Amino acid sequence: MSKHRSGRAAVTGIGVVAPNGLSTDAYWKSVSEGLGVLDLITREGCEHLPLRVAGEVRSFDPAALVEDRFLVQTDRFSHFAMAAAALALDDAGLGGEPADPYSVGVVTAAGSGGGEFGQRELQKLWGQGSKFVGPYQSIAWFYAASTGQISIRGGLKGPCGVVASDEAGGLDSLAHAARAVRRGTDVMVVGAAEAPLAPYSMVCQLGYPELSTLDDPDRAYRPFTEKACGFVPAEGGALLVVEDEDRARERGVPVRGVVAGHAATFTGTSRWAESREGLAHAITGALDEAGVAPEEIDVVFADALGVPEADRAEALAIADALGAHGTRVPVTAPKTGFGRAYCGAPVLDTVAALLAMEHGLVPPTPNVFDVCHDLDLVTSHARPAELRTALVLSRGLMGSNAALVVRRGDDSAR
């Protein structure tokens, strides 16, 4: 362990597996240019379902990124997570097994688990009998599978856990990791990746009234507009490496940002009007923990559900928590270009926030033009800006709300 600790949780590694990029650079290029990759779903067995548009991760070859012995016992959502974790560790200069395995922990968030693996094995059970069900059915579907497999694969024996708190769990997992670092753990691998586009998983999602069933990729997901008709789901996500800032600087690696503050609330399933108060309370709590004044927020990465009542509640929550600054601060939702990956969505937003601060650029909100709320929503093109502090927001369909404050790496000591 480092002899000196700042108490600040620094992000030193980023790994992305998303519909719009299988690396951090590719993801940022797509996000900063406002590219849209939503398209008609091509997954086998989904042709007859009313959910027609999604953000699919294509050209992803798990066999090229994950060893065979892990592939056979894991679902697609864990393949994404393991690949992203390896990219993040390499980015942080921590590839290979750690000298002290107990100094590195893992925490992930998951909303849907391994639907593709589970469906395949259940089809064997129904069609062929119990003797044909593989032994890994008992673990591959489980929402904690990615945490377990990342830790086993990397020989990581520090504090490990999984957050099951709805889509907002993506931000909650980052808070868990930051607090573990502050308590003395050297390094945490943290984030979320989802794979909700197997037929079984998609049928389960059809019960969500917030789901968009339009078949036009350019119109299916348009939050903060009068024609908002719900959200479009996506695969993928991101994993980050978080460690003490002083330790990172002693190692000589760049600090890509600092996890400065977090808070979470709960307001109930589909109670979107009530989420105004809950989300505003979360924002205020995150600002308080970060020691940041409302006017110091330079950009907001919105939850952007795409449901009129929810969009209105979010716009009002931003104004409630940030005051007059809430109507002036740039707001963006890059996910409209590639979909909401459930727990992976706010982690991908956090990555976009860190990269936006690095590059001094607020990315646009694809496919959104006619904004009908009192927000300075960035649309059409990226906006150059001096960015030191970003606010990331997330709400889950079951009622969780979370807010995260991240600060630019070279401003962390200010």
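Above: the structure in question.
Worth saying up front: this structure is predicted, and the values here are computed from it rather than measured. (Residues numbered from 1 in each chain as written. Predicted model: local features only at pLDDT ≥ 70, side-chain atom pairs only at ≥ 80, totals over all residues. Heavy atoms only, no water.)

Trainee: Now, about the environment of Gly409: what can you tell me, with residues and values included?
Mentor: Tracing the backbone shows Gly409 in the segment after strand E15 (400–407). The exposure class assigned to Gly409 is buried, which follows from its relative accessible area of 3%. Sequence separation of Gly409 and Val11 is 398 residues, and the distance between their C-alpha atoms is 8.2 Å. When neighbours within four sequence positions are excluded, Gly409 is seen to be in contact with Glu245, Arg249, Val255, Arg256 and Gly257. (Helix = DSSP H or I, 4+ residues; strand = E, 2+ residues; numbered from the N terminus. Buried < 20%, exposed > 50% of the residue type's maximum accessible area, 1.4 Å probe, protein only. Contact = heavy atoms within 4.5 Å.)

Trainee: Now, about the pairing of strand E8 (residues 257–266): what can you tell me, with residues and values included?
Mentor: For a regular strand, side-chain orientation follows a simple rule: the groups alternate between the two sheet faces. For E8, the tally of buried residues reaches eight of 10 residues, placing the bulk of the element in the interior. Sheet topology note: the strand E1 (residues 9–17)/E8 ladder contains three bridges and is antiparallel. If you follow Val11 over to E8, its bridge partner there is Gly257. Alignment of E8 against E15, held across eight bridges, turns out to be antiparallel. Bridged to Ala263 within E15 is Ala403. (Pairing = 2+ DSSP bridges.)

Trainee: Could you give me a rundown of empty space enclosed by the protein, with the residues and numbers involved?
Mentor: All chains considered together, the criterion is met by one cavity of 30 Å³ or more. Each pocket or cavity is described by its volume, and for the largest cavity that value is around 30 Å³. Lining the largest cavity are Thr267, Gly268, Thr269, Ser270, Arg271, Trp272, Ser275, Gly396, Leu397, Gly399 and Asn401. Classifying every residue of the lining of the largest cavity by side-chain character gives two nonpolar, eight polar and one charged. (1 Å grid on protein atoms, 1.4 Å probe; cavity = no way out; pocket = protein on both sides within 12 Å on 5 of 7 lines; lining within 4 Å. Points joined across faces, edges and corners; volume = space filled by probe spheres on them. Nonpolar A, V, L, I, M, F, W, Y, C, P; charged D, E, K, R; others polar.)

Trainee: An account of the nonpolar core is requested, with residue identities and associated values reported.
Mentor: Within soluble globular proteins, side chains that are nonpolar tend to cluster in buried spots. Core analysis: the largest hydrophobic core is formed by 49 residues, its most contacted members being Ile283, Ile297, Val300, Leu322, Leu391, Leu393 and Val405. Counting residues per element, this core draws most heavily on helix H10 (residues 275–290), at seven residues. Residues within four places of Leu393 in sequence aside, it is in contact with Leu171, Leu279, Ile283, Val300, Phe301, Ala302, Asp303, Glu314, Ile318, Ala402 and Ala403. If you look at the next biggest cluster of nonpolar residues, it comprises 46 residues, including Val11, Ala18, Trp28 and Ala177. (Core = buried A, V, L, I, M, F, W, Y, C linked by side-chain atoms within 4.5 Å.)

Trainee: So, the packing of aromatic side chains: which residues are in play, and what are the values?
Mentor: Taken as a whole and judged by the stated rule, the model has five aromatic pairs. Geometrically, the ring pair formed by Phe60 and Phe80 is edge-to-face, given 4.9 Å between the ring centres and 65 degrees between the ring planes. Placement of the pair is Phe60 in the loop between strand E3 (53–54) and helix H2 (68–71) and Phe80 in helix H3 (residues 76–91), with a sequence separation of 20 residues. Per residue, the accessibility class of Phe60 equals that of Phe80, and both read buried. For the ring pair Phe231 and Tyr342, a centre distance of 5.9 Å and an interplane angle of 90 degrees mean the geometry is edge-to-face. With Phe231 in the loop between helix H8 (199–205) and strand E7 (236–244) and Tyr342 in the loop between strand E10 (330–332) and helix H12 (344–359), the pair connects residues that are 111 residues apart, well separated along the chain. Look at Tyr342 and you get buried, because its relative accessible area is 11%. In this structure an aromatic cluster arises from ring pairing among Trp141, Phe142 and Tyr143. Taking NZ or CZ as reference, Arg340 lies 5.6 Å from the ring centre of Phe231, over its face. (Phe/Tyr/Trp six-rings, centres within 6.5 Å; stacked < 30°, edge-to-face > 60°. Lys NZ or Arg CZ within 6 Å of the ring centre and 35° of its normal.)

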